[in-house]
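# Architecture and fold: a report
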Amino acid sequence: MDLRIFTEPQQGATYDTLLTVAKATEDLGFDAFFRSDHYLRMGGSDGLPGPTDAWITLAGLARETKRIRLGTLMTAGTFRLPGVLAIQVAQVDQMSGGRVELGLGAGWFEEEHKAYGIPFPKEKFARLEEQLAIVTGLWATEVGKTFDFHGTYYDLTDSPALPKPAQQKVPVLIGGHGATRTPRLAAQYADEFNIPFASVEDSERQFGRVRAAAQEAGRGADALTYSNALVACVGRDDREVARRAAAIGREVDELKANGLAGSPTEVVDKIGRYAEIGSRRIYLQMLDLDDLDHLELISAQVQSQLS
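The subject of this paragraph is helix H11 (residues 292-306). Between its first and last C-alpha, H11 extends 20 Å over 15 residues, near the 21 Å set by a 1.5 Å rise per residue. In H11, a bend of some 35 degrees at Ser 299 exceeds every other bend along the element. The set of residues buried in H11 consists of His 294, Leu 295, Leu 297, Ile 298, Ser 299, Val 302 and Gln 303. Of the surrounding secondary structure, the elements contacted by the buried residues of H11 are strand S1 (2-7), helix H1 (15-27), strand S10 (225-234), helix H8 (238-247), helix H10 (264-276) and strand S12 (281-286).

In structure tokens form, the structure reads like this:
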């Protein structure tokens, strides 16, 4: 089971804070550092000092880390044109020496679009399908050849399809709870399927849908990696768990029901339940980015047991 660190910087974080967490992620032996792609805080947070851009952040981290994988859960398809996104991701992959992964979603948070003047189209999922075809098609085009795409929403003619990523294939992540279209897209384009903030039972159902779609598409059900994203709140004792829950404005019982909360033993046991249904990677949503002791505890007493 891989453990990856997943951050939500729109809630309030500078680049320097993210760099500190990313370096701790690397030093403590975690597999990867991922971040959300949002421009507006959610809930009661004031969001200060303001948002950071996902791919600018990852470009900086690409030069300041050496081992960890870097990526997004999920890049919002509404924020970037697919041709531009393909260039950005390829460049950051080169900057990292081939450590980038692209999580791409349709975009959903209408308020942040209104706040920053970003169009919020109605046909988001159909656009996402074309975006996936374009981004992966540009990367797969042989050097010296051109790429064309003529769709409903995007039109590319004689694209040189450059630059190329450092990796032969940048892993693509698709995720969500949709019962029909999401599994179909994952089966066609994804290397990894991620379900965020879902119970073991709901995860098992959704993984089953993706497995069936992958088989129908002519891929083996195990051609994809299956993963979960879950909020983490781990403590050495009940008092520490309660303190960490209060720091992120959550209740312990709710976190235990819906996330990975409690003692290291409790969390390891619950991760084991996800492993039993086929999850091979957990993205630990860390909401208090100043609590590096939390990362150290998870590394020493959770990750160590999983390995």
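Structure shown, so let's carry the discussion forward.
Our focus in this paragraph is the packing of H10 against H11. For the pair H10 and H11, interaxial distance at closest approach is 10 Å and the crossing angle is 40 degrees. Judged by the angle between their axes, H10 and H11 are oblique. In the packing of H10 onto H11, the handedness of the crossing is right-handed. Contacts between H10 and H11 pair Pro 264, Val 267, Val 268 and Ile 271 from the former with Leu 297, Gln 301, Val 302, Gln 305 and Leu 306 from the latter.

What follows is about the environment of Ala 214. By secondary structure assignment, the location of Ala 214 is in helix H7 (residues 200-216). On the basis of relative accessible area, Ala 214 is assigned to the buried category, the value being 0%. Sequence spacing of Ala 214 and Ala 186 is 28 residues, and the spatial spacing of their C-alpha atoms is 7.8 Å. Those residues in contact with Ala 214 that lie beyond four places of it in its chain are Ala 187, Arg 219, Gly 220, Ala 221 and Leu 224.

The next thing to look at is the nonpolar core. If you look at soluble globular proteins, the nonpolar side chains tend to sit buried side by side. Trp 55, Leu 102, Trp 139, Leu 284 and Ile 298 are the most contacted members of the largest nonpolar core, which totals 75 residues. Setting aside residues no more than four positions away along its own chain, Ile 298 makes contact with Leu 3, Phe 30, Ala 232, Val 234, Leu 284, Met 286 and Gln 303.

Moving on, we get to the pattern of salt bridges. Summed over the entire model, instances satisfying the criterion amount to 23 salt bridges. The closest approach of N and O atoms between Asp 31 and Arg 4, which form a salt bridge, is 2.6 Å. One end of the pair, Asp 31, is in the loop between H1 and strand S2 (32-35); the other, Arg 4, is in strand S1, with 27 residues separating them in the sequence. Ionic pairing is found between Arg 244 and Asp 293, a salt bridge with its closest N-O pair at 3.0 Å. Highlighted residues: Arg 244 in helix H8 and Asp 293 in helix H11, separated in sequence by 49 residues. Take Asp 293: its relative accessible area is 28%, and that puts it in the partly exposed class. One network of salt bridges, in which partners are shared, links Arg 236, Glu 240, Arg 243, Arg 244, Asp 291 and Asp 293.

This brings us to unusual backbone geometry. Following Leu 73, the chain continues into Met 74 via a peptide bond in cis, with omega recorded as -20 degrees. With respect to the element layout, Met 74 can be found in the loop between strand S3 (69-72) and strand S4 (75-76). Cis geometry is adopted by the peptide bond preceding Pro 163, which originates at Leu 162 and carries an omega value of 0 degrees. Examined against the element boundaries, Pro 163 turns out to sit in the loop between strand S7 (155-159) and strand S8 (172-175). Positive phi, close to 60 degrees, is recorded for Ala 161, a residue that is not glycine. Structurally, Ala 161 can be placed in the loop between S7 and S8.

How each quantity is defined
Residues numbered from 1 in each chain as written. Predicted model: local features only at pLDDT ≥ 70, side-chain atom pairs only at ≥ 80, totals over all residues. Heavy atoms only, no water. Helix = DSSP H or I, 4+ residues; strand = E, 2+ residues; numbered from the N terminus. Expected span 1.5 Å × (residues − 1). Bend = angle between axes of the 7 residues up to and from the residue. Buried < 20%, exposed > 50% of the residue type's maximum accessible area, 1.4 Å probe, protein only. Contact = heavy atoms within 4.5 Å. Axes fitted to C-alpha atoms, helices over the stretch in contact; angles between N-to-C directions. Parallel < 35°, antiparallel > 145°, perpendicular 65-115°, else oblique. Left-handed = near helix turned anticlockwise from the far one by under 90°. Core = buried A, V, L, I, M, F, W, Y, C linked by side-chain atoms within 4.5 Å. Salt bridge = Lys/Arg side-chain N within 4 Å of Asp/Glu carboxyl O.

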